[in-house]
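# Examining the three-dimensional arrangement
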Amino acid sequence: MNYQWYPGHMTKAKRMMQEDIKLIDLIIELVDARIPLSSRNPDIDQLGAGKARLILLNKSDLADGKRNQEWLSYFASKGIKALEINSQKGTGLKAIQAAVNEVCKEKIERDLKRGIKNRPVRTMVVGIPNVGKSTFINSYAGKACTKTGNKPGVTKGKQWIRLGKGLELLDTPGILWPKFEDQSVGMKLAFIGSINDEILISEELATDFISYIAPLYPKAILTRYEIEEELDGPVKILEAIAKKRGCYKKGQELDYEKAAMILMDDFRSGKLGRISLETIPQ
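Rules used throughout
Residues numbered from 1 in each chain as written. Predicted model: local features only at pLDDT ≥ 70, side-chain atom pairs only at ≥ 80, totals over all residues. Heavy atoms only, no water. Buried < 20%, exposed > 50% of the residue type's maximum accessible area, 1.4 Å probe, protein only. Helix = DSSP H or I, 4+ residues; strand = E, 2+ residues; numbered from the N terminus. Pairing = 2+ DSSP bridges. Right-handed = clockwise from strand over helix to strand, strands pointing away. Axes fitted to C-alpha atoms, helices over the stretch in contact; angles between N-to-C directions. Parallel < 35°, antiparallel > 145°, perpendicular 65-115°, else oblique. Contact = heavy atoms within 4.5 Å. Nonpolar A, V, L, I, M, F, W, Y, C, P; charged D, E, K, R; others polar. Salt bridge = Lys/Arg side-chain N within 4 Å of Asp/Glu carboxyl O. Phe/Tyr/Trp six-rings, centres within 6.5 Å; stacked < 30°, edge-to-face > 60°.

Time to look at the pairing of strand S1 (residues 26-32). Judged by how many residues are buried, S1 sits mostly within the fold: seven of seven residues are covered. Judged by which residues are buried, S1 turns out to be covered on both faces: Leu26, Ile28, Leu30 and Asp32 on one side and Ile27, Glu29 and Val31 on the other are all buried. Two elements, S1 and strand S2 (residues 52-58), share seven bridges in a ladder whose sense is parallel. Of the residues in S2, the one forming a bridge with aspartate 32 is asparagine 58. As a crossover connection, the stretch from S1 through helix H2 (residues 42-47) into S2 is right-handed.

Restricting attention to buried positions, one finds in helix H6 (residues 133-141) the residues Lys133, Ser134, Phe136, Ile137 and Asn138. The positive-phi residue at the C-terminal boundary of H6 is glycine 142, with phi of around 80°.

On to the environment of methionine 17. Position of methionine 17 relative to the elements: it lies in helix H1 (residues 9-20). Expressed as a C-alpha distance, the spacing of methionine 17 and valine 126, which sit 109 residues apart in the sequence, is 9.2 Å.

The contact between helix H7 (residues 183-192) and helix H11 (residues 256-268) brings their axes to 8 Å, and the two run at 85°. In terms of orientation, H7 lies roughly perpendicular with respect to H11. Residue-level contacts link Ala190, Phe191 and Ile192 of H7 to Met264, Phe267 and Arg268 of H11. A breakdown of the residues in the contact of H7 with H11 according to their chemical character gives five nonpolar, no polar and one charged.

Phi is positive for lysine 59, close to 60°, though the residue is something other than glycine. Mapped onto the secondary structure, lysine 59 falls in the loop between S2 and helix H3 (65-77). Even without a glycine there, the phi angle at asparagine 130 is positive, about 70°. One can find asparagine 130 in the loop between strand S4 (121-126) and H6.

Take the pairing of S2 next. In terms of residue burial, S2 counts as a mostly covered element, since six of its seven residues are buried. The sheet contact formed by S2 and strand S3 (residues 81-84) spans four bridges and is parallel. In the strand pairing of S3, leucine 54 is matched with lysine 81.

Counted by the stated rule, this structure contains 17 salt bridges. For lysine 81, the salt bridge identified is with glutamate 102, shortest N-O distance 3.5 Å. Residue lysine 81 is found in strand S3, and its partner glutamate 102 is found in helix H4 (residues 96-103); the two are separated by 21 residues along the sequence. Here aspartate 197 makes a salt bridge to arginine 268, at a shortest N to O gap of 2.7 Å. With a gap of 71 residues between them, aspartate 197 in the loop between H7 and helix H8 (202-213) and arginine 268 in helix H11 connect regions that are remote in the sequence. Aspartate 197 sits in the partly exposed class, given a relative accessible area of 37%.

Throughout the structure, instances matching the rule amount to seven aromatic pairs. Both rings, one in tyrosine 74 and one in phenylalanine 75, keep their centres 5.4 Å apart while their planes meet at 70°; by these two values the pair is edge-to-face. Here tyrosine 74 falls in the buried class, since its relative accessible area comes to 15%. Where phenylalanine 191 meets phenylalanine 209, the ring centres are 5.3 Å apart and the plane angle is 80°; that geometry is what we call edge-to-face. With a gap of 18 residues between them, phenylalanine 191 in helix H7 and phenylalanine 209 in helix H8 connect regions that are remote in the sequence. Since its relative accessible area comes to 0%, phenylalanine 191 is described here as buried. Through a chain of ring-to-ring contacts, three or more aromatic side chains come together here, namely Phe191, Phe209, Tyr212 and Phe267.

And the structure:
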């Protein structure tokens, strides 16, 4: 299966971002802690050149805890401040203001020299679809300021949100980039739900996922679905999941599509355990 998704509204969203980036001091970039590199839009580096940067590893509770620490160290080695957070539960959000002050230290000191006190740091919150930007903003602001949804592409339009005296947030729609040069990047984005499921073939997505995590977490799927024997190949494993979960069409024909959706939902919700799909580059 070819993993690509770039609907027309993203071109418009990117143009909006190019205009808005002139207004801000800091880019807060949300990435998915399970795939911190693949969930970074390379266009953001180009658009935000010269701006202060803070990376938030969102959904960190779904990722391998040991891997999270490795990624924090990795970004620090690149001179980028990163924090691990869980927007839904509010974990890690209290550390953000101090991190903002740290990465925007020069700007704050510059303002003070000019006699400007308490001017809020203006920040743009960016990230790919379904990475949790709206949930993050709502949790951080303490109220439902933006419409949220669990489908990629729910957020539309432009919203400034004032967070106390120290920070103003500009929400932006989630954008991908026009072409995934590396198909494994597109595949991992599909695994976490950042590509519209409706354009994908569920069974192929699931078998690709089974093949991908087998060497990383060999027992995760077998334990979740109580599959006792070692099965040869992803199709056999998907078949076993279908049988264990009673996925049948009329008669006794197995419903592979239903089994595939159960597997992907279980991964995305953390029911397979804490799984990271990327390790830091060597």
